[in-house]
Amino acid sequence: MTVRRLAAASVEAFQLAEGPVWDTVRQRLLWVDILAGYVLEGSVDDTTGRVTVTRRHSFDSMVGAVAVSDDGTLLIAAQEHLVVLGIDGTRRAGPRIVPPGVRRRLNDGSTDPSGRFLVGTLSLDGPSQRETLVRLEPDGRLTVLDMDLALSNGLAWSTDGHTLYSVDTLQHTVCVRDYTHDDAERRVHLRIEDGHPDGIALDAEEHLWVAVWGAGEIRRYSPTGALTSRLAVPAPHTSSVAFAGSDLRTLVITTASVDLTDAQRGQYPDSGRLFTARVDVPGAPVPSWSAPADRTLPC
């Protein structure tokens, strides 16, 4: 794997940039700044790798993830419930996932090969072993896939759609399961002890790219779980990764500026910015969200 031209790509530094998604229809990048409550849209220059913010949507709570339908409608994981953001700017509340009064929030999410949206939770009230991963069905029902996680994070699927990779950050694990059966056993695929696995993405060779929070690295693993390459990023808290651009060969890396010491802030002044690099193996496309025909969801 050859990686070229790693560079800070955004002018702005974010508090906790996460969840990059490439909208292939409109050739735009989507991501969130969780703590600031922003969903951002941007352009990506294939030649320079520069990411330019073109629009931001502000929420009065934290936001964990964003997905996009074929017509441009956005599905947003707000702090406790889902929100549908129409192309005309209208917002409609979707299902509540976090029960009222429970100290947790929605975290990373993604669309499965059928276009259904999955999203997990993390605790805002100390250590937990009760965090969940749920799937939004076409009729608005929620299917619970996991309910024993410490911190649900990145999600990715094999190109045939039969395998789901999922991250439990506080358990330092990337797990794998057969996605053709909802009751399939989840088993450990990777264990990363020198940092915390965060966001993930799959490339066209079925290799998994993992952002390692605390290590300032993106790591690439073979389908058997062997480490094949590392990419050092000048920001300790690498939070997620995605493939973008017209050929899906621009690697987008989100980072955070929070939870750094004064010494780290001085040593890594670009923390919180988006980074990009060119890679010689393209990414696997992420399916669009299959929104209901009327774009409404049960609350």
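Residues numbered from 1 in each chain as written. Predicted model: local features only at pLDDT ≥ 70, side-chain atom pairs only at ≥ 80, totals over all residues. Heavy atoms only, no water.

### Observations concerning the overall build of the chain
Helix and strand counts for the chain come out as one helix and 24 strands. In terms of C-alpha radius of gyration, the chain reaches 17 Å, essentially the compact-globule figure of 19 Å for 299 residues. Seen through its principal axes, the chain has C-alpha atoms that stretch 45 × 40 × 40 Å. Every one of the 299 residues in the chain was classed for burial, and the buried ones make up 59%. Here the analysis covers contacts within the chain between residues at least 6 apart in sequence; of these, 48% occur between residues at least 24 apart. Across the chain, 29 positive and 39 negative side-chain charges occur, with their mean positions spaced 3 Å apart. (Helix = DSSP H or I, 4+ residues; strand = E, 2+ residues; numbered from the N terminus. Rg over C-alpha atoms; globule rule 2.2 N^0.38 Å. Buried < 20%, exposed > 50% of the residue type's maximum accessible area, 1.4 Å probe, protein only. Contact = heavy atoms within 4.5 Å. Lys, Arg positive; Asp, Glu negative; His and termini not counted. Charge placed at Lys NZ, Arg CZ, Asp CG, Glu CD.)

### Overview of the sheet that holds strand β10 (residues 104-111)
The antiparallel open sheet is built from four strands, whose spatial order is β10-β11-β12-β13. Whereas interior strands pair on both sides, the edge strands pair on one side only; in this sheet they are β10 and β13 (142-149). In this sheet, adjacent strand axes meet at a mean angle of 20° when their direction is disregarded. Looking at chain direction, strand β11 (residues 117-123) and strand β12 (residues 131-136) are connected through four bridges and run antiparallel. Residue F117 lies in a different strand from β12, and its bridge partner there is L136. (Pairing = 2+ DSSP bridges. Axes fitted to C-alpha atoms, helices over the stretch in contact; angles between N-to-C directions.)

### A look at the packing of aromatic side chains
One pass over the structure, following the stated rule, counts three aromatic pairs. Their ring planes at 80° and their centres at 5.8 Å tell us that F14 and W31 sit as a pair that is edge-to-face. Highlighted residues: F14 in the loop between β1 (3-8) and β2 (17-23) and W31 in strand β3 (residues 28-33), separated in sequence by 17 residues. For F14, a relative accessible area of 1% gives the class buried. Ring plane angle 70° and centroid distance 5.6 Å describe the contact between W157 and Y179, whose orientation is recorded as edge-to-face. Here W157 is found in strand β14 (residues 152-157), whereas its partner Y179 is found in the loop between β16 (173-178) and β17 (187-191), with 22 residues between them in sequence. In this pair, the class of W157 matches that of Y179, namely buried. (Phe/Tyr/Trp six-rings, centres within 6.5 Å; stacked < 30°, edge-to-face > 60°.)

### Some details on unusual backbone geometry
We note that Q27 has phi near 50°; this positive angle belongs to a residue other than glycine. Note that Q27 resides in the loop between β2 and β3. You can call Q27 partly exposed: its relative accessible area is 37%. Notably, D259 is not glycine yet its phi reads approximately 60°, a positive angle. One can find D259 in the loop between β23 (250-255) and α1 (262-267). Accessibility expressed as a relative area gives 61% for D259, which makes it exposed.

### A few points about the nonpolar core
General note: in soluble globular proteins, nonpolar side chains tend to be found buried as a group. One finds L29, W31, I218, L251, I253 and L274 to be the most contacted residues of the largest nonpolar core, which totals 26 residues. Mapped onto this core, the elements with two or more residues apiece are β2, β3, β4 (38-44), β19 (208-213), β22 (238-244), β23 and β24 (275-279). Ignoring anything within four residues of it in the chain, the contact list for I253 reads L6, I218, L231, V233, T238, S240, V241, R273, L274 and F275. Ranked by size, the runner-up nonpolar core spans 19 residues in total, among them V66, I76, V83 and A256. (Core = buried A, V, L, I, M, F, W, Y, C linked by side-chain atoms within 4.5 Å.)

This is a description of form; function is not addressed.
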